[in-house]
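Next come the chains, spelled out residue by residue.
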Amino acid sequence: MAAVSGAAIEIRDLAKSFTPRRGVIVEAIRRISLTVAAGEFLAIVGPSGCGKSTLLHLVAGLEQPSGGVVQIGGAEPRELARQHRLGMAFQDSALLPWLSVQGNLALPFKLAGRDVNRERVQSLIELVGLAGFERARPSQLSGGMRQRAAIARSLCLEPDVLLLDEPFGALDAVTRRRLNIELERIWRQYAITTLLVTHSVEEALFLSDRVIVMRSPGAIAQETQVPFPRPRTPDLLRREEFHRMADQITVWLEH
Amino acid sequence: MERTQNNTAENLGYAALGLAIFLALWQLAGKTGVAGSALPPLTDVVNTLRDPEILPLLVTSAEYTLASAAKGLFFGGALAVLFAAVMHLLPPLRPGLDRLAVLVNATPPIAIGPILIVLFSRSQTPAALAGIQVFFIFYVAASSGLAAASPVLRRVMAGFGASDWKQMMYLEAPASLPHLASGLKAAVSASFLGAILGEWFGAPQGLGLMILNAMQNFQIRLMWAAVVVAAAMSLTVFLAVAALEKFVSRRFSQ
């Protein structure tokens, strides 16, 4: 795999407000400018309702901005989605419940109108540790296994950008930590430009190259580079420097 | 699991008990003649059903009615699903067709009958009337079913760049199957109603025609026998479809 892959994300003066009722305007994103380099893993943390999920939806082209622009590799997000170059995973694994693991991983190919690459599907299933569960349906899997399948599905089409919205948010602490370690290993193989939205400071630090702290409503409060070299191993989670940074970010969050 | 099985057994027991009481009351009312000659005892109706001269006639009529109902169910249902799919992909057309569907449904079938005879033939009218009854039920079921996919799954589809057509094929259509199965359950009874009613407009055969002829000729027992066959047939298909619905709603729940 190439050292750097994926496309750069360019966000300029981005604003988004909703009008849930007439006369009521909710400001989700006030003004954000941000550049994510190609192949960079950026984590976004922030309190509930600070607009971090909205930011991710804007980058995915699921919402249209009220002001400003988002460009991925020089193109509009919706254009990128239309070309099937986005990979996404959500807190709710959002697997199609009537399809097997295999069927869910074949889905992106079918949606893109391409032949299903059976070998790739199988190698992704093995990569996320679901070998033997190819024919299982989501309801037969644990929450952690469903999230692994969702991560595998997001990688099917070798996307230029990976967008992760609280992918492990609904899991217990032990499973979450294990999946963080696995995601770091998987990500190293691809090194795709990645945006991760999370509540967990440890998760953000362990996975990313840079952490952005947001505050309400919809603005960047702080940002910091994550200096830890890759590959990152579980003992990083026990290092003093790691905890010092985690504490610092937590202080920013509470501010 | 065991509890549901117990409940199912209990429910079946109550249903059998209810049916037995109903049949016993029928027999009693027939024997005592409280409803006059219009209500013969159950045993007389059963004897009519077993009459070797009448039974083949009942079977042929039932087959004819069943064929009309099935034809109406198939074409009415298929057309309704097709319309709902087109409306789903082309929302601007929707309000107009919704109104047309409501209008057709609000018109009493008995008033449409003569029009259908002119449009189709007398022998096709039962199927056409059954189809009209079925169309509205399926149109409503398919429209609401196609709109029933969860927002999260829609977001996944959008994120993967699915076209409207692909989104319908891979997400909305499977997600609509439980709604369609419920619709089918309601449509089965409606299709029999439509077919039997349609036969009153001069169909060459069928249970509806038999009921009408028997009534006009005061063949009370024959009339009751035909009604029993119609009810039994409708109920059997209904129960089969109810089992199908249970399976589909479990398999395709979101």
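Residues numbered from 1 in each chain as written. Chains lettered and ligands numbered in written order. Predicted model: local features only at pLDDT ≥ 70, side-chain atom pairs only at ≥ 80, totals over all residues.

## Topic: the overall build of chain B
Heads up, the condition is: Starting at the N terminus, helices and strands are each numbered in turn, a helix being any DSSP run of H or I of at least four residues and a strand any DSSP run of E of at least two. Here a residue counts as buried when 20 or more other C-beta atoms sit within 10 Å of its C-beta, as exposed when there are 12 or fewer, and as partly exposed otherwise, the C-beta atoms being derived from the backbone. Contact between residues is assigned whenever the C-beta positions, reconstructed from backbone atoms, fall within 7 Å.
If you tally the helices and strands in chain B, you get 10 helices and zero strands. Each principal axis of the C-alpha atoms in chain B carries an extent, and together these give about 70 × 55 × 30 Å. Put simply, chain B has 254 residues, and 35% of those count as buried. Relative to all contacts within chain B whose residues are 6 or more apart in sequence, the contacts with residues 24 or more apart total 76%.

## Concerning the interface of chain B and chain A
Counted only if it meets this: For this classification, Asp, Glu, Lys and Arg are treated as charged, while Ala, Val, Leu, Ile, Met, Phe, Trp, Tyr, Cys and Pro are nonpolar and the rest, including Gly, are polar.
Across the boundary between the two partners, chain B contributes 17 residues, which contact 19 residues of chain A. When residues of the side of chain B that touches chain A are traced back to their parent elements, those giving at least two are α7 (151–159) and α8 (164–199) of chain B. For the side of chain B that touches chain A, the element with the highest residue contribution is α7(B), accounting for six residues. Residues belonging to the side of chain B that touches chain A are distributed by class as follows: 10 nonpolar, four polar and three charged.

## As for the domain arrangement of chain A
Residues and elements named next belong to chain A. The line we're drawing: Segmentation of the chain into domains, including their bounds, is taken from an automatic or database domain assignment.
Along its sequence, chain A is carved into domain 1 (9–85 + 161–254) and domain 2 (95–158). Per-element accounting of the side of domain 1 that touches domain 2 gives the leading share, six residues, to helix α6 (residues 173–190). A class-by-class count of the residues in the side of domain 1 that touches domain 2 yields nine nonpolar, two polar and one charged.

## Digging into the packing of helix α3 (residues 55–89) of chain B against α8(B)
Residue and element names in this part refer to chain B. Rules: Axis definition: a line fitted to C-alpha atoms, limited for helices to the stretch in contact. Angles are taken between N-to-C directions and run from 0 to 180 degrees. Should the near helix be turned counterclockwise from the far one by less than a right angle, the crossing is left-handed, whereas a clockwise turn marks it as right-handed.
Closest axis-to-axis distance for the α3/α8 pair is 8 Å, and the angle between their directions is 145°. Here α3 and α8 pass one another in a crossing that is right-handed. Across the interface between the two elements, Thr 65, Ser 68, Ala 69, Gly 72, Leu 73, Gly 77, Ala 85, His 88 and Leu 89 from α3 touch Asp 164, Trp 165, Met 168, Ala 187, Val 188, Ser 191, Phe 192, Gly 194, Ala 195, Ile 196, Gly 198 and Glu 199 from α8. Split by residue class, the contact of α3 with α8 holds 11 nonpolar, eight polar and two charged.

## A word on helix α1 (residues 52–60) of chain A
For α1(A), the buried fraction is high: eight of the nine residues fall into the buried class. Of the residues flanking the end of α1(A), it is A:Gly61, one or two places downstream, whose phi is positive at about 75°.

## Here we look at the environment of B:Phe160
Looking at the element boundaries, B:Phe160 is found in the loop between α7 and α8. The exposure class of B:Phe160 is buried, given the 26 C-beta atoms found within 10 Å. Spatially, the C-alpha atoms of B:Phe160 and B:Ala16 are 53 Å apart, while their sequence positions differ by 144 residues. Ignoring sequence-local partners within four residues, the contact set of B:Phe160 consists of A:His84, A:Pro108 and A:Leu111.

## Looking at the sheet that holds strand β1 (residues 9–21) of chain A
Residues and elements named next belong to chain A. Quick note on the threshold: A strand pair is defined by DSSP finding two or more bridges across the two strands.
The strand order across the open sheet formed by three strands is β2-β1-β4, and the pairing between neighbours is antiparallel. Edge strands, defined here as strands with exactly one partner in the open sheet, are β2 (24–36) and β4 (67–72). On average, adjacent strands in this sheet sit at an angle of 30° to one another, irrespective of strand direction. Here five bridges tie β1 to β4, and the two strands are oriented antiparallel to one another. Looking at the pairing, Ile 9 lines up with Ile 72 of β4.

## Quick look at the pairing of strand β6 (residues 161–165) of chain A
Residue and element names in this part refer to chain A. In terms of burial, β6 is a largely internal element, five of the five residues being buried. Relative to β6, strand β5 (residues 86–89) is paired through four bridges, and the arrangement is parallel. For Gly 87, the partnering residue across the bridge sits in β6 and is Leu 162. In this structure, β6 lies alongside strand β7 (residues 193–198), joined through five bridges in parallel fashion.

## A word on the pairing of β2(A)
Residue and element names in this part refer to chain A. Sheet topology note: the β1/β2 ladder contains eight bridges and is antiparallel. Residue pairing in the sheet places Ile 11 in a bridge with Leu 34 of β2. Turn length for the β1-β2 hairpin, with the two strands adjacent in sequence and antiparallel, is two residues, and the turn residue Gly 23 shows positive phi of about 85°.

## Notes on the domain arrangement of chain B
By a frequent convention, interface size equals the accessible area lost on bringing the separate parts together. Residue and element names in this part refer to chain B. What the domain assignment reports for chain B is domain 1 (1–38) and domain 2 (40–251). Here domain 1 and domain 2 have C-alpha centroids that lie 27 Å from each other. Counting residues at the interface gives seven residues for domain 1, matched by six residues for domain 2. Its residues assigned to classes, the side of domain 1 that touches domain 2 comprises three nonpolar, three polar and one charged.

## Some points on the nonpolar core
Selection criterion: In plain words, the nonpolar core is the set of buried Ala, Val, Leu, Ile, Met, Phe, Trp, Tyr and Cys residues that C-beta atoms within 7 Å link up.
One finds A:Ile44, A:Val59, A:Leu105, A:Leu163, A:Leu195 and A:Val211 to be the most contacted residues of the largest nonpolar core, which totals 83 residues. Once residues lying within four places of it in the same chain are set aside, the contact partners of A:Val211 are A:Ala43, A:Val45, A:Ala204, A:Leu205, A:Glu223, A:Thr224, A:Val226 and A:Ile249. In terms of nonpolar packing, the next biggest core, distinct from the first, is built from 48 residues, B:Val81, B:Phe192, B:Val229 and B:Ala230 among them.

## Description of the environment of A:Phe206
All names here are of chain A. Tracing the backbone through its elements, the reader meets Phe 206 in helix α7 (residues 201–207). Taking C-alpha positions, Phe 206 is 9.9 Å from Arg 230, a pair spaced 24 residues apart along the chain. Beyond its immediate stretch of four places on either side in the chain, Phe 206 contacts Asn 180, Glu 184, Arg 232, Leu 236 and Leu 237.

## Re helix α6 (residues 125–146) of chain B
Three- or four-residue spacings in an α-helix give side chains the same orientation, since the helix completes a turn every 3.6 residues. Selection criterion: Here the expected length of a helix is defined as 1.5 Å per residue gap, with one fewer gap than residues. Fitting one axis to the seven residues ending at a residue and another to the seven starting there, the bend at that residue is the angle between the two axes.
Along its 22 residues, α6(B) runs 31 Å from first to last C-alpha, staying within 8% of the 32 Å computed at 1.5 Å per residue. The largest bend in α6(B) comes to about 25°, at B:Val134.

## What about the confidence of the model for chain B?
Basically, it comes down to this: On a scale of 0 to 100, pLDDT captures the predictor's confidence in every residue.
In this model, chain B carries an average pLDDT of 90, and 98% of its residues clear a pLDDT of 70 or more. In the predicted complex, the global pTM is 0.83; the interface-specific ipTM is 0.85.

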